[in-house]
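# Structural characterization, general
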Amino acid sequence: MKKTLLALLLPAVLAGCQMTKGAQEEEAVPVSLATDTQEDTGVAAAGTDTLPAEPESSDVDVLADGDQESQAQVAPFDDLWDQISNDFSLSYNAQEPRILTEKRWFEKHPKYLERVSQRAEPFLYLITKELKDAGVPAELALLPIVESAFDPFAYSRGRAAGMWQFISGTGDRFGLEQDYWYDGRRDVLASTKAAAAYLKYLNQMFDGDWLNALAAYNSGEGRVLKAIAHNKKKGKATDFWALDLPRETRSYVPRLLALVEILKSEEGRSHFKAVANEQRLAEVKVKKQLDLSVAADLAGISVKKLHALNPGFNRWATSPDATQTLLLPVAKADQFETQLAALPAKDRLRWARHKVRSGDSLLKIAHEYETDVASLRKANNIKGNMIRVGQEMMIPLSSQALADGRPSQAVANRRATITHKVQSGESLWTIAHKYNVSTADLAKWNGMKKTDTLSLNRKLTVWLTSAQPSGVSRNVSYKVRRGDSLSLIASKFKVSVADLRKWNQLDDNGYLQPGQVLKLLVDVTRS
């Protein structure tokens with residue numbers, strides 16, 4: 001936390017708005033609430049790293065307009081979290097009971113803040129810069145903690161995706177591309193720009209009231225407008241604290257403000273992993289389709305790291321027909337651009353030859369090689385859908401550098417788990433066979449010996465293997481609604497009915513009940 005001597009002598013100029021701290025009270029805090037309360041209409045649904053406050057053209061802070069003696073150069077904060085807290089500007093009562101409740105939970109779970117702030121580190125400077133450029137409060141840099149715990153692959157039961165938790169419809173409204181190759185909701189740069197635009201839009205809608213704007217970001221514009229109209233009719237106040245909103249939304253805004261209060265305090269600040277207040281990532285434009293493993297080679301980084309920095313890509317290459325932005329470490333950007341400019345067109349993608357067999361179709365071939373029909377048509381100058389047996393086709397192919405040909409799996413190297421409740425007559429062997437894992441592994445995962453006897457209803461952890469969905473997967477809880485069926489739910493989340501039954505130990509004749517909670521393993525790069 002280093003400032004110049006002048007900065008230390010001028011706390012009134014540099015210090016952010018300080019609020020008093022409150023007492024503590026524990027309450028469970030879910031990782032993401034953003035779209036769990038939103039309607040699936042796309043009307044209002046949205047769902048870490050930051051930049052210092054510095055002038056665009058100089059390092060001079062104007063302390064008094066026209067007064068040369070009161071102008072001085074102020075060094076930026078070394079730690080980006082300090083810069084963020086210095087720039088806080090929202091006005092609220094820090095002693096509000098709901099804020100104190102949320103604050104106490106975080107204070108009792110400091111390890112959570114450490115994990116989340118570490119996850120934020122690669123992107124925090126970028127995110128803060130975008131929010132500052134958009135002219136929105138610095139407090140919003142903490143919103144991805146509430147929305148997604150800074151996980152770019154976060155996925156909710158409302159089918160919201162990314163750090164900022166956009167549903168598809170709202171993503172479309174704010175310019176986030178979503179197609180076979182790419183999902184802008186998971187792209188950190190694109191989704192941050194969209195979130196800033198959406199929040200500014202909501203702020204204008206609610207006459208400059210940021211707390212009501214945040215409530216609408218969580219539960220939808222219509223819900224907040226209806227609550228305001230109801231209070232006006234009754235002659236009641238229309239600020240956030242007076243509105244009758246869903247339980248999740250009533251906690252959502254206080255949760256953000258609790259994080260603000262914690263970051264303001266010395267003790268709370270100590271739980272946020274320090275982040276250097278400097279640019280970490282550079283934006284580079286890619287105008288034609290490029291194999292992402294080739295891009296990684298050009299940048300001199302691993303494919304895993306490239307995908308971690310660019311989680312918006314669903315497949316092994318950039319989109320065929322769009323100019324797209326890659327985020328690269330600053331030190332690697334010039335090298336990448338120089339080598340990309342010199343790269344022969346034939347080396348941008350890895351190719352395979354495919355001889356059309358009886359029963360082949362463009363769709364079948366596209367699935368076989370993990371590409372799309374449009375790319376096959378373009379690569380082979382095919383106008384419609386007609387292909388003939390014996391015809392040779394060029395297939396844009398995922399790099400052999402990836403062990404299984406699927407970059408999304410190489411990216412995060414994450415494996416998901418499910419919980420199995422032991423039924424009458426089951427053994428470690430029968431359960432291992434059911435999930436296509438070894439008995440030894442199943443025993444090890446659960447701290448048992450292979451010869452141990454299972455007790456009825458015991459819950460076992462099962463790590464899913466490559467036989468399961470191969471992209472980046474997340475566990476999702478889904479509450480059954482009236483009119484739902486297994487096939488409808490499976491279709492909604494792009495999973496099979498068989499898997500849905502297996503994950504939830506449902507028999508073939510089982511009926512779903514409204515309110516029943518199902519566990520799903522969703523491949524977020526395919527949903």
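Residues numbered from 1 in each chain as written. Predicted model: local features only at pLDDT ≥ 70, side-chain atom pairs only at ≥ 80, totals over all residues. Heavy atoms only, no water.

### Some details on the pattern of salt bridges
Inspection of every chain in the model, using the stated rule, returns 17 salt bridges. For Glu 221, the salt bridge goes to Arg 173, with nearest N and O atoms at 3.2 Å. One end of the pair, Glu 221, is in helix H11 (residues 221–234); the other, Arg 173, is in helix H8 (residues 168–173), with 48 residues separating them in the sequence. A residue is classified by how much of its surface remains accessible, and Glu 221, at 5% relative accessible area, is buried. Overall, Arg 173 belongs to the partly exposed group, its relative accessible area being 37%. Notably, a salt bridge pairs Asp 183 with Arg 185, separated by 2.9 Å at the nearest N-O pair. Owing to a relative accessible area of 4%, Asp 183 belongs among the buried residues under this scheme. (Salt bridge = Lys/Arg side-chain N within 4 Å of Asp/Glu carboxyl O. Helix = DSSP H or I, 4+ residues; strand = E, 2+ residues; numbered from the N terminus. Buried < 20%, exposed > 50% of the residue type's maximum accessible area, 1.4 Å probe, protein only.)

### As for the nonpolar core
Judged by nonpolar contacts, the single largest core of 71 residues is most densely connected at Trp 81, Leu 142, Leu 143, Trp 164 and Tyr 217. By residue number, the principal contributor to this core is helix H12 (residues 247–264), which donates 9 residues. Ignoring any residue separated from it by four or fewer positions in sequence, one finds Leu 143 in contact with Trp 164, Leu 199, Leu 214, Tyr 217, Tyr 252 and Leu 256. Grouped together as the second largest cluster of nonpolar side chains are 25 residues, Tyr 182, Trp 316, Phe 336 and Leu 340 included. (Core = buried A, V, L, I, M, F, W, Y, C linked by side-chain atoms within 4.5 Å. Contact = heavy atoms within 4.5 Å.)

### Focus: unusual backbone geometry
Phi is positive for Phe 150, close to 60°, though the residue is something other than glycine. Here Phe 150 lies in the loop between helix H7 (143–148) and H8. Positive phi outside glycine occurs at Lys 494, with the angle close to 55°. Counting through the fold element by element, Lys 494 comes out in the loop between helix H22 (486–493) and helix H23 (497–503). Residue Lys 494 is classed as exposed on the basis of its relative accessible area, which comes to 58%.

### Description of the packing of aromatic side chains
Following the criterion strictly, the structure yields 13 aromatic pairs and no others. Seen in terms of ring centroids, Phe 240 and Trp 241 are 5.0 Å apart; in terms of plane orientation they differ by 75°. Their pairing is edge-to-face. The class of Trp 241 is partly exposed, set by a relative accessible area of 22%. Aromatic pair Tyr 478 and Phe 493: ring centres 5.5 Å apart, planes at 75°, arrangement edge-to-face. Remark: Phe 493 occurs in helix H22 and Tyr 478 occurs in strand S9 (residues 473–479); sequence separation between them is 15 residues. For the pair shown, Tyr 478 and Phe 493 are each scored as buried. (Phe/Tyr/Trp six-rings, centres within 6.5 Å; stacked < 30°, edge-to-face > 60°.)

### Structural notes on the packing of helix H4 (residues 97–108) against helix H5 (residues 110–120)
In contact at an axis separation of 4 Å, H4 and H5 are set at 80° when each is read in the N-to-C sense. Here H4 is positioned roughly perpendicular relative to H5, judged by the angle of their axes. Packed against H4, whose contacting residues are Trp 105, Phe 106, Glu 107 and Lys 108, the element H5 presents Pro 110, Tyr 112 and Leu 113 at the interface. For the contact of H4 with H5, the residue count by class is 5 nonpolar, no polar and 2 charged. (Axes fitted to C-alpha atoms, helices over the stretch in contact; angles between N-to-C directions. Parallel < 35°, antiparallel > 145°, perpendicular 65-115°, else oblique. Nonpolar A, V, L, I, M, F, W, Y, C, P; charged D, E, K, R; others polar.)

### So, the environment of Leu 328
Structurally, Leu 328 is set in strand S4 (residues 324–329). In the structure, Leu 328 is positioned 44 residues away from Val 284 in sequence and 7.4 Å away in space, judged by C-alpha atoms. Look past the residues within four positions of Leu 328 in its chain and what remains in contact with it is Arg 280, Leu 281, Ala 282, Val 284, Ala 299, Ile 301, Leu 306, Leu 309, Ala 333 and Phe 336.

### Examining the confidence of the model for the protein
In this model, the protein carries a mean pLDDT of 79, and residues with pLDDT of at least 70 account for 79%. Below a pLDDT of 50 lies the segment residues 1–75, which in the model reaches 212 contacts outside its immediate sequence neighbourhood of four places, other chains included. Within the model, pLDDT remains below 50 along residues 399–416, and this stretch shows 45 contacts once partners closer than five positions in the same chain are excluded. (pLDDT = per-residue confidence, 0-100.)

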